[in-house]
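A closer look at the structure
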Amino acid sequence: QVQLIESGGGLVQAGGSLRLSCAASGSTFNPAAMGWFRQVPGKEREFVAGINWDGGSTSYSDSVKGRFTISRDAAKRTIDLQMNSLKPEDTAVYSCAARRVLSPGYNYWGQGTQVTVFS
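Structure report, in brief. (Residues numbered from 1 in each chain as written. Predicted model: local features only at pLDDT ≥ 70, side-chain atom pairs only at ≥ 80, totals over all residues. Heavy atoms only, no water.)

1. Section: the environment of Leu11
Following the sequence through the fold, Leu11 ends up in strand S2 (residues 10–13). Residue class for Leu11 comes out exposed when judged on its relative accessible area of 62%. Taking C-alpha positions, Leu11 is 21 Å from Ala49, a pair spaced 38 residues apart along the chain. Not counting chain neighbours up to four residues away, the residues in contact with Leu11 comprise Thr116 and Phe118. (Helix = DSSP H or I, 4+ residues; strand = E, 2+ residues; numbered from the N terminus. Buried < 20%, exposed > 50% of the residue type's maximum accessible area, 1.4 Å probe, protein only. Contact = heavy atoms within 4.5 Å.)

Structural data, given as structure tokens:
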């Protein structure tokens, strides 16, 4: 069993920064990749950033590239999302996700943490 728990969300002024963290607990699960998604009411979940566990290669959506940085700490079983130059359109519930080896998609999800950016 695996649980993903996000933290670090909050209210921030446009142009500011937040750092989100996601911790895995209750399992020795070794993911193929982990990532961050976000969702606002009435819209579909959007991919934000992902990181491969082996090697640490990263990918980002065009909307956050250059502003957000994803990282991982394998020993601590955590991933972080450093969000800089935040914009009001970044406002969303941000969820951590993990993908099993050989899985075509993400399999485990946290409950999300709210990020609100005001101008």
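2. Some words on the state of the cysteines
Throughout the structure, instances matching the rule amount to 1 disulfide. Residue pairing for Cys22: its cysteine sulfur links by disulfide to Cys96, the two sulfurs lying 2.0 Å apart. Judged by the sign of its S-S torsion, about -80 degrees, the bond between Cys22 and Cys96 is left-handed. Of this pair, Cys22 sits in strand S3 (residues 18–25) while Cys96 sits in strand S9 (residues 92–99); the two residues are 74 residues apart in sequence, bridging distant segments of the chain. Classification of Cys96 as buried rests on a relative accessible area of 0%. (Disulfide = S-S within 2.5 Å.)

3. Focus: the packing of aromatic side chains
If you walk through the whole model with that rule in mind, you get 4 aromatic pairs. Each member of the aromatic cluster is reached from another via a ring pair, and the members are Phe37, Phe47, Tyr106 and Trp109. Sitting above the plane of the Trp109 ring, Arg45 keeps its charged end 3.8 Å from the centroid. When the ring centre of Trp53 is taken as reference, the NZ or CZ atom of Arg72 above it lies at 5.9 Å. (Phe/Tyr/Trp six-rings, centres within 6.5 Å; stacked < 30°, edge-to-face > 60°. Lys NZ or Arg CZ within 6 Å of the ring centre and 35° of its normal.)

4. Here we look at the side chain of Glu6
Following the sequence through the fold, Glu6 ends up in strand S1 (residues 3–7). No salt bridge is formed by the buried Glu6. Its closest oppositely charged neighbour is Arg45, at 9.8 Å. At a separation of 3.3 Å, a polar atom in the side chain of Glu6 contacts the main-chain amide nitrogen of Gln111. Each residue touching Glu6, except ones within four places of it in the same chain, is listed here: Ser21, Cys22, Trp36, Tyr94, Ser95, Cys96, Gly110, Gln111, Gly112 and Thr113. (Lys, Arg positive; Asp, Glu negative; His and termini not counted. Salt bridge = Lys/Arg side-chain N within 4 Å of Asp/Glu carboxyl O. Polar contact = N/O pair within 3.5 Å; in protein donor to acceptor, adjacent residues only side chain to side chain.)

5. Concerning the pattern of salt bridges
On inspection of all chains with the given rule, the structure shows 5 salt bridges. The shortest N-O distance in the salt bridge between Asp90 and Arg38 comes to 2.9 Å. Here Asp90 is found in the loop between strand S8 (78–83) and S9, whereas its partner Arg38 is found in strand S4 (residues 33–39), with 52 residues between them in sequence. As far as burial versus exposure is concerned, Asp90 and Arg38 are alike and both buried. Measuring nitrogen to oxygen at the nearest pair gives 2.8 Å for the salt bridge that ties Asp90 to Arg67.

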